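Fold and geometry: a report
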Amino acid sequence: MRPAHPASRPPDSWERGSPYEQYVGRWSRQVAPAFLAWLDLPAGLRWVDVGCGTGALAEAIASGSAPRSVTGFEPSEGFLEQARERLGARAQLHRGSAEALPLPDASADATVSGLVLNFLPDVAAGLREMVRITAAGGTVAAYVWDYAQRMELMQHFWEAAARLDPAAAALDEGVRFPLCRPQALEAAFRQAHLQEVGVTGLEIPTVFESFAAYWKPFLGGQGPAPAYAMSLPPERRQALRDALEARLPVQADGSIALVARAWAVRGRVPAR
Ligand SMILES: C[S@@+](CC[C@H](N)C(=O)[O-])C[C@H]1O[C@@H](n2cnc3c(N)ncnc32)[C@H](O)[C@@H]1O
């Protein structure tokens, strides 16, 4: 089929919290406790969640890490609204961007970020801010999807999309984002002058009860793949849907069992 649109990339959309939850927020909620277990930090810390979105990581910190405080920053008002609804008084959630965090130097003990680093226009500036607000000896840490190798729900999507429209291959997050690889994450943390840098893989099952349950979240338009799906005219979206239904490993009971891996990275803030 001939591509019916130019190769331009629809903007990554982060506006409406509810469809985001259905698409990826719910899976981030499963990674967050594993990430915190890997960090294994003590109780009583001042935590900051950068790009907190609908609150997946902030909520896991509030409920599992016995924090002294949880502060979240997020540019999208729609996402913040969802996060505030979920977290109430358990976190202070503010509008803000990674590149200019409105906090004093060394005012946090652990500054973390879930699924955000690849979306920052200037990752180095974001990491610099995360380090600046974190006290010496404190932790800066993040996780991102392993888009290139083991984020199956998205890999199927982009492989099917690229077969129908070769221009879509360049939109695949596994191609777009260098920071979805452990070596690149480690290098970015070292360049931010973090010490004792370590990376690990965190894997979760992403099981859909039916093909409809897999496909529907792409119609919410939040995030790169759903934004692409919704940029297509209806007949091309239908062709993509059909191609996905044909290629996904549907089991006898109609369910589809996929796997998602996140790479988690951590570092210690040096003495200043
Ligand atoms: C994939 S979502 C992750 C949200 C949440 N942390 C989670 O784990 O579900 C990416 C998030 O990055 C946020 N974001 C985009 N640009 C940002 C920036 N410059 N600074 C901070 N957050 C940003 C988006 O608004 C969105 O909430």
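Up top is the structure.
As a starting point, this report considers the structure included with it. (Residues numbered from 1 in each chain as written. Predicted model: local features only at pLDDT ≥ 70, side-chain atom pairs only at ≥ 80, totals over all residues. Heavy atoms only, no water.)

With that settled, consider helix α7 (residues 182-191). Taken residue by residue, α7 has L185, A188 and F189 as its buried positions. The buried residues of α7 occupy one face: seen down the axis, they fall within an arc of 95°. Exposed and facing more than 90 degrees away from the buried side of α7 are Q183 and Q191. Positive backbone phi, approximately 70°, marks H193, located one or two places after α7. (Buried < 20%, exposed > 50% of the residue type's maximum accessible area, 1.4 Å probe, protein only. Helix = DSSP H or I, 4+ residues; strand = E, 2+ residues; numbered from the N terminus. Arc of directions from axis to C-beta.)

Evaluated as defined, the whole model comprises 21 salt bridges. Ionic pairing is found between R176 and D12, a salt bridge with its closest N-O pair at 2.8 Å. Of this pair, R176 sits in helix α6 (residues 173-176) while D12 sits in the segment before α1 (17-39), and the two are 164 residues apart along the sequence. Among the residues examined, D12 registers a relative accessible area of 21% and is labelled partly exposed. Connected through salt bridges with shared partners, the residues E21, R29, E59, R86 and R90 form a single ionic network. (Salt bridge = Lys/Arg side-chain N within 4 Å of Asp/Glu carboxyl O.)

A separate point is the packing of aromatic side chains. In total, this model carries 17 aromatic pairs according to the counting rule given. With a centroid separation of 4.8 Å and an interplanar angle of 80°, the aromatic rings of W14 and F119 are classed as edge-to-face. Of the two residues, W14 sits in the segment before α1 while F119 sits in the loop between β4 (108-114) and α4 (123-132), which places them 105 residues apart along the sequence. What makes W14 partly exposed here is its relative accessible area of 28%. Here the aromatic rings of F208 and Y214 are separated by 5.3 Å at their centres, their planes lie at 85°, and the arrangement is edge-to-face. The two residues F208 and Y214 agree in class, both being buried. One Lys or Arg, R266, reaches over the ring of W38 and ends 5.5 Å from the middle of that ring. (Phe/Tyr/Trp six-rings, centres within 6.5 Å; stacked < 30°, edge-to-face > 60°. Lys NZ or Arg CZ within 6 Å of the ring centre and 35° of its normal.)

Another point: the site of the ligand. Taken together, 18 residues are adjacent to the ligand, and Y20, S28, G51, E74 and G114 come closest. Here an oxygen atom of the ligand sits 2.6 Å away from a polar atom, N or O, in the side chain of Y20. Isolated, the ligand exposes 590 Å² of accessible area, and the fraction of that covered by the protein chains is 94%. Split by residue class, the shell around the ligand holds 11 nonpolar, five polar and two charged. (Near = heavy atom within 4 Å. Polar contact = N/O pair within 3.5 Å; in protein donor to acceptor, adjacent residues only side chain to side chain. Areas by Shrake-Rupley, 256 points an atom, 1.4 Å probe, with all protein chains shown as cover. Nonpolar A, V, L, I, M, F, W, Y, C, P; charged D, E, K, R; others polar.)

Tracing the backbone through its elements, the reader meets Q155 in helix α5 (residues 152-164). Taking the relative accessible area as the measure of exposure, Q155 reaches 12% and is therefore buried. Those residues in contact with Q155, other than ones at most four positions away along the chain, are Y147, A148, Q149 and R150. (Contact = heavy atoms within 4.5 Å.)

Read these as geometric descriptors, not functional statements.
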